[in-house]
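Structural description and commentary
The residues making up each chain are set out below.
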Amino acid sequence: MLQCTAVTALPPEEVQRLRASEDEPEEPEPYVLCELGAHDGQDTEHAAYLVPGRTPESPAVWFFWAGGEPERVHRSAYVPWCPAILRQVDTGVVRRCNLFDRHGAAHSWDVADPLGDLVAGRIAFGDSPKGDPCP
């Protein structure tokens, strides 16, 4: 399943709150992208991960929004992590879902982000747009 492509601007009050947060040392991005698998319906909330919890197991801050302008509604909340685990018996790999508990659509391991994969992919030698060798 492809990742949802919904994007929204963070409200100014949310940006200020993130700037003041001890847990967020970097400048927050002004826009967020929905991290769920593709979903439809105006009543379905989009969701973006904002700030980690104090420990890996503690709830994290997520930003939720639904609807379009000017009726867009949004909220942020500390939400527990999804408890789902994928165990691949043949390889011994254990993966946890990196979405929030009771999320809609697919678990994170079933969501494909083609643009993210392209950006994170290994650049081949000589693949520079200018023809220069890449490191």
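Here the structure is a predicted model, which is why all the values come from computation and not from measurement.

**What about the confidence of the model for the chain?**
Summarising the model, the chain shows a mean pLDDT of 81, and 75% of its residues fall at 70 or more. Averaged pLDDT values over the elements of the chain bottom out at 68 in helix H2 (residues 114-120) and peak at 92 in strand S4 (residues 60-66).

**Overview of the pattern of salt bridges**
When the charged atoms of two side chains lie near each other, side chains of opposite charge can form a pair. Enumeration according to the criterion identifies one salt bridge in this entry. Here Arg75 makes a salt bridge to Glu45, at a shortest N to O gap of 2.9 Å. Of this pair, Arg75 sits in strand S5 (residues 73-79) while Glu45 sits in the loop between strand S2 (31-33) and strand S3 (46-51); the two residues are 30 residues apart in sequence, bridging distant segments of the chain.

**Some words on the sheet that holds S3**
An order of S3-S4-S5 is seen for the three strands of this open sheet, with the pairing classed as antiparallel. Every other strand in the sheet has two partners, leaving S3 and S5 as the edge strands with one partner each. In this sheet, neighbouring strand axes are inclined to one another by 25° on average, regardless of whether the strands run parallel or antiparallel. Where S4 meets S5, seven bridges bridge the pair, whose relative direction is antiparallel. Following the sheet pairing, Ala66 is matched in S5 by Val73.

**Description of unusual backbone geometry**
Its identity as a non-glycine residue notwithstanding, Arg102 has a phi of 65°, on the positive side. Counting through the fold element by element, Arg102 comes out in the loop between strand S7 (93-96) and H2.

**Looking at the environment of Val111**
Note on placement: Val111 falls in the loop between S7 and H2. When its relative accessible area of 17% is taken as the criterion, Val111 is described as buried. On a C-alpha basis, the gap between Val111 and Ala38 in space is 8.2 Å, while along the polypeptide they are 73 residues apart. With residues up to four places along the chain from it excluded, the contact list for Val111 reads Met1, Leu2, Gln3, Glu35, Leu36, Gly37 and Ala106.

**Focus on the state of the cysteines**
Taken as a whole, this structure holds zero disulfides when the rule is applied. Here Cys97 stays free of any disulfide, with the sulfur of Cys82 as its closest cysteine sulfur at 3.9 Å.

**Side note on the pairing of S4**
The element S4 is extensively covered by neighbouring structure, given that seven of its seven residues are classed as buried. Both faces of S4 are covered, namely the face carrying Ala60, Trp62, Phe64 and Ala66 and the face carrying Val61, Phe63 and Trp65. Sheet topology note: the S3/S4 ladder contains five bridges and is antiparallel. Bridge assignment links Ala48 to a residue of S4, and that residue is Phe63. Linking S4 back to S5 in an antiparallel pair, the connection comprises six residues, with Gly67 at a positive phi of about 80°.

**Describing the nonpolar core**
In this structure, Val32, Leu50, Trp62, Trp65 and Phe100 are the most contacted members of the largest nonpolar core, which totals 24 residues. At the level of secondary structure, the elements contributing two or more residues to this core comprise S3 and S4.

Criteria and thresholds
- Residues numbered from 1 in each chain as written.
- Predicted model: local features only at pLDDT ≥ 70, side-chain atom pairs only at ≥ 80, totals over all residues.
- Heavy atoms only, no water.
- pLDDT = per-residue confidence, 0-100.
- Helix = DSSP H or I, 4+ residues; strand = E, 2+ residues; numbered from the N terminus.
- Salt bridge = Lys/Arg side-chain N within 4 Å of Asp/Glu carboxyl O.
- Pairing = 2+ DSSP bridges.
- Axes fitted to C-alpha atoms, helices over the stretch in contact; angles between N-to-C directions.
- Buried < 20%, exposed > 50% of the residue type's maximum accessible area, 1.4 Å probe, protein only.
- Contact = heavy atoms within 4.5 Å.
- Disulfide = S-S within 2.5 Å.
- Core = buried A, V, L, I, M, F, W, Y, C linked by side-chain atoms within 4.5 Å.

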